[in-house]
Amino acid sequence: MGQKTVRFSDLSGELITRDDTLTRIVIHEHPELGDSPVEIEALADEAAAIEKAALRVAVVEIYFPGEDEPRRVTMEAAAFDELAADRPMSELLLTARPARTARRAKAPAAPRSINYDTLEHAGEPHKGRITEAERELVRDQLDAINDRLVTQGLRTIDPDDPEHAARYGLTGLAVAKAAQGG
């Protein structure tokens with residue numbers, strides 16, 4: 001006796017008869033969503049309709065004076081672009097400096113499939129335990145890892161930050177670098 005698994009689109013309830021039409025959709029943000037991403041399955045045509053209906057948006061954090069936490073805002077990219085009166089937004093973004101590390105920002109929940117013991121993911125914010133292998137990579141490759149984190153739009157690792165120093169075993173690294181003149 002055998003078993004047969006049937007799948008239905010979580011969006012429409014339609015039967016998914018072929019594996020090549022099965023599409024995985026991960027929802028990261030939604031007003032009804034809790035703290036961590038969820039995933040659903042749908043037909044490829046349904047997923048294509050989602051992509052076609054997608055808005056071009058800008059997601060920004062606003063740090064008002066005297067407030068401890070930033071305000072996160074999502075707005076249409078065209079409306080955000082119009083705020084740049086002096087020069088085009090594309091030019092402004094190309095010449096803007098990388099964002100500074102936010103001291104008290106919460107780390108996003110990490111998918112369990114990511115291996116932080118690799119140069120590709122070491123140092124990325126996550127709630128899991130920091131392994132000795134990740135600590136060693138961060139200590140040995142701090143500049144390269146921070147360059148990657150900036151490129152990905154993530155917070156960088158600051159050896160002068162006591163939390164980062166403790167988390168990645170960087171205590172004394174900043175002092176040693178200063179003593180070397182770098």
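Summarised in this report is the structure supplied together with it. This is a predicted model, so every value here is computed, not measured. (Residues numbered from 1 in each chain as written. Predicted model: local features only at pLDDT ≥ 70, side-chain atom pairs only at ≥ 80, totals over all residues. Heavy atoms only, no water.)

## So, the overall build of the protein
A count of helices and strands for the protein gives seven helices and six strands. The secondary structure elements of the protein, listed N-terminal to C-terminal, are β-β-β-β-α-β-β-α-α-α-α-α-α. Here the protein holds 182 residues, and the buried ones make up 21% of them. Intrachain contacts of the protein at a sequence separation of at least 6 include 33% that bridge at least 24 residues. (Helix = DSSP H or I, 4+ residues; strand = E, 2+ residues; numbered from the N terminus. Buried < 20%, exposed > 50% of the residue type's maximum accessible area, 1.4 Å probe, protein only. Contact = heavy atoms within 4.5 Å.)

## As for the pattern of salt bridges
In this structure the tally under the stated criterion is ten salt bridges. A salt bridge links glutamate 67 to arginine 71, with the shortest nitrogen-to-oxygen separation between them at 2.6 Å. Between glutamate 132 and arginine 139 there is a salt bridge, with the nearest N and O atoms lying 3.0 Å from each other. Of the residues examined, arginine 139 reaches a relative accessible area of 30% and is grouped as partly exposed. One network of salt bridges, with partners in common, ties together Glu29, Glu61 and Arg72. (Salt bridge = Lys/Arg side-chain N within 4 Å of Asp/Glu carboxyl O.)

## As for the nonpolar core
Within the largest apolar cluster, ten residues are counted, these being Ala122, Ile130, Val138, Leu142, Ile145, Leu149, Ile157, Ala165, Tyr168 and Leu170. Of all the elements in the fold, those that place two or more residues in this core are α5 (142–151) and α6 (162–168). (Core = buried A, V, L, I, M, F, W, Y, C linked by side-chain atoms within 4.5 Å.)

## As for the environment of isoleucine 130
Mapped onto the elements of the fold, isoleucine 130 is located in the loop between α3 (89–95) and α4 (132–140). Note: C-alpha distance between isoleucine 130 and glycine 169 (39 residues apart in sequence) is 9.9 Å. If near-sequence neighbours (up to four positions away) are discounted, isoleucine 130 is found in contact with Arg135, Arg167 and Tyr168.

## So, the environment of arginine 129
When you line up the elements, arginine 129 lands in the loop between α3 and α4. C-alpha of arginine 129 to C-alpha of tyrosine 116: the two residues are 13 residues apart in sequence and 9.9 Å apart in space.

## Examining the side chain of arginine 155
Inspection of the secondary structure assignment puts arginine 155 in the loop between α5 and α6. As a buried residue without a salt bridge, arginine 155 has its nearest oppositely charged side chain in glutamate 134, at a separation of 6.8 Å. From its side chain, arginine 155 meets the backbone oxygen of glycine 123 in a polar contact 2.8 Å long. There is a polar contact of 3.1 Å between the side chain of arginine 155 and the side chain of tyrosine 168. (Lys, Arg positive; Asp, Glu negative; His and termini not counted. Polar contact = N/O pair within 3.5 Å; in protein donor to acceptor, adjacent residues only side chain to side chain.)

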